[in-house]
Amino acid sequence: SHKQAGNNQDARKMSGFGMQPGIILLREGTDTSQGKAQLISNINACQAVADAVRTTLGPGGMDKLVFDGRNVTISNDGATIMKLLEIAHPAAKTLVDISMSQDTEVGDGTTSVVLLAGEMLKQLKSFVEEGVHPQVIIRNVREAGQLAVQKVSDLAVPFDLDTEEGADMLLKTASTALNSKLISSHKDLFAPMIVEAARTLHAGGNLEDIDNLVAIKKIPGGDVRQSFLVKGVAFKKTFSYAGFEQMTKQFTNPKVLLLNVELELKSEKENAEVRITDPDQYQSIVDAEWQVIYDKLDACVDCGANIVLSKLPVGDLATQYFADRGLFCAGRVENGDLKRVAKATGAIVQTSTHGFHEGILGTCGFFEERQVGDERFNVFTECPASLTSTIVLRGGTEQFIAESERSVHDALMVVKRSLTSKSVVAGGGAIEMEVAKYLKAYALTIEGKGQLIVAAFAKALEVVPRQLCENSGFDSTDILSALRRKHFHDEDGKWFGVDIIKGGICDTFEAGVWEPSDNKCNSLASAAEAACVILSIDETVINPRSEDPGGA
């Protein structure tokens, strides 16, 4: 047993941080007690979840490597980590849900929303232990949450998108979103790309559909700096048959035909029965099959199209037929790519080859097939409806590119939010400190238990600047003291936050650390809501599986 203990110690040392990779909160550990014990058990479970993502916050945040038995994911994104953890504790799943809702609604701030909710519960735990009724706590937390959101809205700085300053504002919000990501050192390349893609959509009034209209394509290999933005549509060359190399690979002002039709020679269904009296009649059946495909191909050529794209397969006969007539074709094009081409070129997807006319064809300024790394890409540029954009990401490993994609997606969503809210607040913990100061002052005007609960809510907000300091390797006690002093005593102190670079405090608004006000409002509201939900649970009932194997 001594030897085994020694081995265990060695294993702990090797694992780096004195702990082995943990599995968070399995269902067997769920507390089935009632009342206060249940509440405290749920709060502890939520804190364990918050601790899992605590170190990923901010520019100094570390990444997590999540291995699910098959795939390895390296990520800094709170929502991605929460999704992959497969948390089984029923109450702690609430934190996963708020992280997902933040990701869907705003795109960024997924780690801070989990941290805020976890810290609120930690600060309120002592009240539960001392026997304060959960409904009293919930009432005051709800009120404090509404006041905090109102205060953020009041503090937000509006900007005009049409001015030079407005464009700069968008660039800075995109850079702030990329600051804490793996590709933070390349934000000078990615931030302008992201802003350009979002502004193009905003000009066309299609900003809400940003997920479908801005495609992110990943190509392993090459350098990150080789990533580029296509103002139009780009997609990977699809599966092709012989004859493909003879096609024309470049067009200027081509006409584009989009189909949802199979251009392959199809044999008759197996259960079809044809009775013939003469062997010559068999040839006429074969000829009829060929005539059907030739009629389809002739219709595509006669309508004047130069490029034919289909969602369904384009066979070897069709490929050669089009190549001989100087057309370009591609089959098995993904649905999302086909929709983007339709949006960009103005073409209408056809489900039959009958009745083609000029109005269904789309066009673009220039089309070419281009080599990118070891992949070939079909690229449509200078499109009339300049709505769609494609960001092509390069990088050394699959995991790196996958994380780059998540980072770019987060930044896109942040710019989208900035375009809709048209107002920003300072990041780096400044807004949290200012709201905390306001709530502490407000708490003194309340009588009774509410005063302590609102003050605890205010103290919980300080977790963001504290964690930013700790993750960057600075002393959080000194920096938080300096921040409190600055916010309470100085008129111009409202935008002071953590200086990640020098390890002190600075005016983060001046430093260009800006976030959309919607982002902060959403995370404060979601965190307060999640804390209220968890505080309102006083018993967990686990439904036993049916013992009858055929039962529901």
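Looking at an unreviewed UniProt entry, one finds the protein named T-complex protein 1 subunit eta, with Attheya septentrionalis as its source organism. Turning to the protein, the UniProt record has this under Sequence similarities (unreviewed entry): "Belongs to the TCP-1 chaperonin family." What UniProt states about the protein under its Subcellular location (unreviewed entry) heading is, verbatim, "Cytoplasm".

Engineer: If you had to explain the overall build of the protein to someone new, which residues and values would you point to?
Structural biologist: Scanning the protein from N- to C-terminus turns up 18 helices and 18 strands. If you line up the protein on its principal axes, its C-alpha atoms span 100 × 70 × 50 Å. The proportion of buried residues among the 552 residues of the protein is 50%. Relative to all contacts within the protein whose residues are 6 or more apart in sequence, the contacts with residues 24 or more apart total 75%. Looking at the protein as shown, the accessible area adds up to about 26300 Å², and 50% of this sits on carbon and sulfur atoms. Measuring between centres, the 56 positive side-chain charges of the protein sit 5 Å from its 75 negative side-chain charges.

Engineer: Residues and numbers for the side chain of Lys125, please.
Structural biologist: Mapped onto the elements, Lys125 comes out in helix 5 (residues 110–129). Look at Lys125: it is buried, it has no salt bridge, and the nearest opposite charge is Glu129 at 4.5 Å. In contact with Lys125, not counting residues within four places along its chain, are Ile40, Ile43, Asn44 and Gln47.

Engineer: Now, about helix 10 (residues 279–302): what can you tell me, with residues and values included?
Structural biologist: In this model, helix 10 (24 residues) spans 35 Å end to end at C-alpha, consistent with the 34 Å of a helix rising 1.5 Å per residue. Packed against the buried residues of helix 10 are strand 8 (255–259) and helix 11 (316–324). Gly304 occupies a position one or two residues after helix 10 and carries a positive phi of about 95°.

Engineer: Before we move on, can you summarise helix 4 (residues 93–105) with the specific residues and values?
Structural biologist: Counted at 1.5 Å a residue, the expected span for helix 4 with its 13 residues is 18 Å, and the 18 Å between its end C-alpha atoms agrees. Buried within helix 4 we find Thr94, Leu95, Val96, Ile98, Ser99, Gln102 and Asp103. If you follow the buried residues of helix 4, they end up packed against helix 2 (36–53), helix 3 (78–85), helix 5, helix 13 (398–421) and helix 18 (517–535). Immediately downstream of helix 4, the backbone of Gly107 shows phi near 95°, a positive value.

Engineer: Give me the lowdown on the sheet that holds strand 14 (residues 389–395), citing residues and values where you can.
Structural biologist: Here we have 3 strands laid out as an open sheet, ordered 4-14-5, and mixed in their pairing. Single-partner strands in this sheet number two, and they are strand 4 (214–220) and strand 5 (228–230). Each neighbouring strand pair of the sheet contributes to a mean axis angle of 20°, computed without reference to strand direction. Sheet topology places strand 5 next to strand 14; 3 bridges connect them, and they run antiparallel. Residue Leu229 lies in a different strand from strand 14, and its bridge partner there is Ile391. Packed onto the sheet, helix 8 (residues 187–204) meets strand 4, strand 5 and strand 14 and runs at close to 15° relative to strand 5. The strands touched by helix 13 are strand 4 and strand 14; relative to strand 4, the strand with the most contacts, the crossing angle is about 160°.

Engineer: For the sheet that holds strand 15 (residues 423–426), give the residues involved together with the corresponding values.
Structural biologist: Here 3 strands make up an open sheet; going across it, the order is 3-15-18 and the pairing antiparallel. Strands at the two margins of the open sheet, each flanked by one partner only, are strand 3 (157–158) and strand 18 (514–516). Where strand 3 lies against strand 15, 2 bridges are found, and the strand directions are antiparallel. Within strand 15, the position partnered with Val157 by the bridge is Val424. Running over the sheet, helix 7 (residues 164–179) touches strand 3, strand 15 and strand 18 and is turned about 95° from strand 18. Docked against the sheet, helix 13 engages strand 15 and strand 18, running at close to 70° with respect to strand 18.

Engineer: Talk me through the domain arrangement of the protein; I want residue IDs and the actual numbers.
Structural biologist: Segmentation of the protein into domains returns domain 1 (31–158 + 426–542) and domain 2 (232–385). With centres defined by C-alpha atoms, the gap from domain 1 to domain 2 works out at 54 Å.

Engineer: Hey, could you go over the nonpolar core for me, with residue numbers and the actual values?
Structural biologist: Formed by 103 residues in total, the largest nonpolar core has its most connected members in Leu95, Ile137, Phe190, Val408, Leu439, Phe457 and Leu535. Broken down by element, this core gets its largest block of residues, 10 residues, from helix 5. One finds Phe235, Leu257, Leu338 and Leu361 within the second-largest nonpolar core, a separate group that totals 41 residues.

Engineer: I'd like a rundown of the packing of aromatic side chains, residues and numbers included.
Structural biologist: Scanning the entire structure with this criterion turns up 10 aromatic pairs. Residues Trp495 and Phe509 carry aromatic rings whose centres are separated by 5.3 Å and whose planes lie at 25° to one another, so their mutual orientation is stacked. Of this pair, Trp495 sits in the loop between helix 17 (476–489) and strand 16 (496–499) while Phe509 sits in the loop between strand 17 (504–507) and strand 18, and the two are 14 residues apart along the sequence. Accessibility classification places Trp495 together with Phe509 in one group, the buried group. Three or more aromatic residues link up through ring pairs in this structure, and these residues are Phe235, Phe251, Phe328, Phe367 and Phe380. The aromatic ring of Tyr321 is capped on one face by Arg325, whose charged end is 3.6 Å from the ring centroid.

Engineer: Outline the packing of helix 5 against helix 16 (residues 463–472), supporting the account with residue identities and numerical values.
Structural biologist: Closest axis-to-axis distance for the helix 5/helix 16 pair is 10 Å, and the angle between their directions is 115°. The handedness of the crossing between helix 5 and helix 16 comes out as right-handed. In this structure, helix 5 contributes Ser112, Leu115, Leu116 and Glu119 to the contact, and helix 16 contributes Val463, Val464, Arg466 and Gln467. The residue makeup of the contact of helix 5 with helix 16, split by class, is 4 nonpolar, 2 polar and 2 charged.

Engineer: Explain the pairing of strand 2 (residues 72–75) residue by residue, including any values.
Structural biologist: Along strand 2, the buried face is formed by Thr73 and Ser75; none of Val72 and Ile74, which line the opposite face, is buried. Sheet topology places strand 1 (residues 64–67) next to strand 2; 4 bridges connect them, and they run antiparallel. Of the residues in strand 2, the one forming a bridge with Val66 is Thr73. Two successive antiparallel strands, strand 1 and strand 2, enclose a turn made up of 4 residues, where Gly69 displays a positive phi of approximately 100°.

Definitions and cut-offs
- Residues numbered from 1 in each chain as written.
- Predicted model: local features only at pLDDT ≥ 70, side-chain atom pairs only at ≥ 80, totals over all residues.
- Heavy atoms only, no water.
- UniProt positions renumbered as here; feature names shortened; annotations may be inferred.
- Helix = DSSP H or I, 4+ residues; strand = E, 2+ residues; numbered from the N terminus.
- Buried < 20%, exposed > 50% of the residue type's maximum accessible area, 1.4 Å probe, protein only.
- Contact = heavy atoms within 4.5 Å.
- Areas by Shrake-Rupley, 256 points an atom, 1.4 Å probe, with all protein chains shown as cover.
- Lys, Arg positive; Asp, Glu negative; His and termini not counted.
- Charge placed at Lys NZ, Arg CZ, Asp CG, Glu CD.
- Salt bridge = Lys/Arg side-chain N within 4 Å of Asp/Glu carboxyl O.
- Expected span 1.5 Å × (residues − 1).
- Pairing = 2+ DSSP bridges.
- Axes fitted to C-alpha atoms, helices over the stretch in contact; angles between N-to-C directions.
- Domains from an automatic or database assignment.
- Core = buried A, V, L, I, M, F, W, Y, C linked by side-chain atoms within 4.5 Å.
- Phe/Tyr/Trp six-rings, centres within 6.5 Å; stacked < 30°, edge-to-face > 60°.
- Lys NZ or Arg CZ within 6 Å of the ring centre and 35° of its normal.
- Left-handed = near helix turned anticlockwise from the far one by under 90°.
- Nonpolar A, V, L, I, M, F, W, Y, C, P; charged D, E, K, R; others polar.

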